Amino acid sequence: MTQPSGAALEVRRLHLWRGDRHLLRDVSFALQPGELLQVMGQNGVGKTSLLRCVAGLIEPESGEIDWHGAPVRKEREAFHRQLAYLGHVNALKPDLSALENLHYSVRLRRDVERHEMLEMLARLQVSQCADLPARALSAGQKRRVAIARVILSGASLWILDEPITNLDRGGIECVEACMATHLRAGGSILTAAHQSLLTQHARVRVLELQ
Amino acid sequence: MWLWFYKLASPPYAYAMAARLRPWLLWSALILMAVAAYGGLVLAPPDYQQKDAFRIMYVHVPSAILSLSVYIILAVAAGIGIIWRIKLAHAVAAACAPIGASFTVLALATGSIWGKPMWGTWWEWDPRLTSELIQLFLYLGYMALRSSFDDTQRADRASAILAIVGVVNVPVVKYSVVWWNSLHQGPSISKMAAPSIASPMLWPLLIMLLAFMLYFAAVLCDRIRAEILKRERNASWLNALAAGT
Amino acid sequence: MTEPGLMRIVGLIVARELRLAVRHWDQVVQPLIFFVVVTTLFPLAISPSLNELRNIAPGVVWVAAMLASLLALESLFRPDVEDGTIEQWALSGQPLSLLLLAKTVTHWLLAGLPLVIMAPIVGTALGMPMSVWPVLAGSLALGTGCLSILGGIGAALTVAVRRGSVLLALLVLPLEMPVLIFGARAVDLAMHGEAVAGPLNLLAAMLLLCLALGPFAMSAAMRISLE
């Protein structure tokens, strides 16, 4: 039934209903290691739902999602250990500092040292925010901290929902550089964004939702 | 067996099946009810203690039994729905709730009317009536949770979890209420418990219970059909059916 | 990459919750103040005579504790669901049931344990003799544990619902009634100098049942709420 295609992530014939709406109709795609798939489409076409569905937050009506040839539904926890998800909300506690936020979320997945987190914040150009409570950060700074969490998680599949909202020119460049590094290292990215990302990069494909 | 099960779980089949069964269930329920009412109200002799007041038992006892068993059916259907992802099972659970709640209200009302000649008050914190009241709260909570979700599928699964937690809790509630009551009065006080009732009084009760069960099944058929119509309103088989008639 | 062990995960969640509580201690003490205020209402409504109050004191303390624990449930999951933290937990590859249990246990330490400590003082004000303090505190310790887990299931079910707090009370209170019965009766029996081992054992059994099954119900409910 499933011939090994070498794809990291394979989605076949996915159908999803939200209430009365048949939102995703027969969506299929494959994502190879080192590849970025950008989901595009108008507002309300189901980009976020598709991403949440692949991440395992929503049960699809029908269809299969395979991770390296094995169905995700059967090995949910193993799949989730390889997955980093960034949603619309940043999952930052306003009362904790940026560093504490990273500490409590990344350590659920792996041991991480303080200097590693500081380096990552520096790479995303938010070192000055390390010890500030998250409520004092600007929207763009919060987004960068959330992206730092994704990178630090060490996952090989990133699912990023509108990763560059609220980011300025410099922030977008910075995030694109991180994404390019991740792809070069053999990671995969599934993202929904209005703007085209990584336009110079060879292994970027676009999935247009109708 | 499995094939039959899958066939039954398909909405068009279940829709047609419920329509076919309903008249049989309903008519046999009505006939048995008439027989049991004649037996209970006319043939059975008056109780030497309670006189004619005991006759309300023929409504109270079957509805009290059904109020509990419908909740168990509901929880089992919800469990099947959530484990094997059978949508029809969720529809059955949804259809059970208002029927079960009505039986519970009926049991409470008849119990309270029965209580008036027995205890001299409309309400007594009798263990049966109290656990019946808690049972009503469980039904109301279930229906409230179900109606607070816009999306039917989420409502199905969330309320299924509540039903399962509730059904685990039901024996605990029963036991705790009996224990609570026994501290205040002797355990023999509950006047509704008739450990040995004479057979001329008993057989109409059993027939009435059967009639109530058949009546429940008939109403359930109606409600399942309504649930299927609501859930499958965009399905092609239903449009074909509507166009055909 | 080393996988963190389950105990480390539990420790991490507990540490996080405690740190958040320290920064927001005002929210932590609110249910406790509510508990004291509600018990003050009864002497005002019924009678200042301690002899009369003594009869209803076990019930009053228990009902007030139940309502205070219900009030505290509102802050159990809602903030973390709204800011996306629990979404991240659900995708962390760690068992969600364990994470939610750790969170609920910490919540009990912050909301349930203060009630257990405060209850003897409140009980004394209602005319309870000092001899029932151990039973009162013991029954509340076991009982509020059950209330936290049963309430946690309800909170996980209603967290995605608009204005879920009334619904939460409607769902959770009937489930909690046996806890109230055994808890309040145990204190009542103790005041009359009778044996209390029976109801306390039953409360302990219910707590074990809640601990064994509750986390799975919580995580199943939470996954539905996250959709």
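Residues numbered from 1 in each chain as written. Chains lettered and ligands numbered in written order. Predicted model: local features only at pLDDT ≥ 70, side-chain atom pairs only at ≥ 80, totals over all residues.

Caption draft 1: Fine view of the overall build of chain A. Secondary structure assignment for chain A yields 6 helices and 9 strands. Taking 17 Å as the expected radius of gyration for a compact globule of 210 residues, we find that chain A reaches 17 Å, a close match to that expectation. Seen along its three principal axes, the alpha-carbon backbone of chain A occupies a region of about 50 × 35 × 35 Å. Counting only residues that meet the buried cut, chain A has 44% of its 210 residues in that class. Within chain A, contacts between residues at least 6 apart in sequence are counted, and of these 70% link residues at least 24 apart. (Helix = DSSP H or I, 4+ residues; strand = E, 2+ residues; numbered from the N terminus. Rg over C-alpha atoms; globule rule 2.2 N^0.38 Å. Buried ≥ 20, exposed ≤ 12 C-beta atoms within 10 Å, placed from the backbone. Contact = placed C-beta atoms within 7 Å.)

Caption draft 2: Molecular detail of the confidence of the model for chain B. All names here are of chain B. The predicted model of chain B averages 85 in pLDDT, with 90% of residues at 70 or higher. The low-confidence segment residues 186-193, where pLDDT is below 50, has 6 contacts with residues more than four positions distant or belonging to other chains. Here the predicted complex carries an ipTM of 0.90, next to a pTM of 0.90. (pLDDT = per-residue confidence, 0-100.)

Caption draft 3: Region of interest: the pairing of strand E4 (residues 62-67) of chain A. Direction of pairing for strand E1 (residues 9-18) of chain A relative to E4(A): antiparallel, over a ladder of 5 bridges. Within E4(A), the position partnered with A:Glu10 by the bridge is A:Asp66. (Pairing = 2+ DSSP bridges.)

Caption draft 4: Quick look at the pairing of strand E3 (residues 36-40) of chain A. Residues and elements named next belong to chain A. Within E3, 4 of the 5 residues are buried, leaving the element largely enclosed by the surrounding structure. With 4 bridges joining them, E3 and strand E8 (residues 188-192) adopt parallel strand pairing. In the strand pairing of E8, Leu36 is matched with Ile189.

Caption draft 5: A look at the sheet that holds E1(A). Residues and elements named next belong to chain A. With antiparallel pairing, 4 strands are arranged side by side in an open sheet as E2-E1-E4-E5. The sheet is open, and its two borders are formed by strand E2 (21-31) and strand E5 (70-71), each paired with just one other strand. In this fold helix H1 (residues 47-55) packs onto E1, E2 and E4, with an angle of close to 120° to the strand it touches most, E1. (Axes fitted to C-alpha atoms, helices over the stretch in contact; angles between N-to-C directions.)

Caption draft 6: Layout of the sheet that holds E3(A). Residue and element names in this part refer to chain A. Strand order in the open sheet formed by 5 strands is E6-E7-E8-E3-E9, with parallel pairing between adjacent strands. The open sheet has two edge strands, strand E6 (83-86) and strand E9 (204-208), and neither has a second partner. This sheet shows a mean twist of 15° between the axes of neighbouring strands, independent of strand direction. Here strand E7 (residues 157-161) runs beside E8; their pairing, made up of 5 bridges, is parallel.

Caption draft 7: The nonpolar core, seen in detail. In terms of nonpolar packing, the biggest core is built from 201 residues, with A:Ile159, B:Leu74, B:Ala93, B:Cys96, C:Ala65 and C:Ala221 touching the most fellow members. At 15 residues, the largest contribution of residues to this core is made by helix H7 (residues 164-191) of chain C. (Core = buried A, V, L, I, M, F, W, Y, C linked by C-beta atoms within 7 Å.)

Caption draft 8: Broad picture of the confidence of the model for chain A. When pLDDT is averaged across chain A, the result is 86; 97% of the residues are at 70 or more. For chain A, E9(A) is the element with the lowest average pLDDT, namely 82, and E6(A) is the one with the highest, namely 92.

Caption draft 9: Highlighting the environment of B:Ser131. Residues and elements named next belong to chain B. On the secondary structure map, Ser131 appears in helix H5 (residues 127-147). Take Ser131: there are 23 C-beta atoms within 10 Å of it, and that puts it in the buried class. Once the C-alpha coordinates of Ser131 and Tyr175 are considered, the two residues, 44 residues apart in sequence, prove to be 9.3 Å apart. If we ignore the near neighbours within four places in the chain, the residues touching Ser131 are Val173, Lys174 and Val177.

Caption draft 10: Representation of the environment of B:Trp24 within the structure. Take B:Trp24: it is sitting in helix H2 (residues 11-43). Separated by 187 residues in the primary sequence, B:Trp24 and B:Ala211 place their C-alpha atoms 12 Å from one another.

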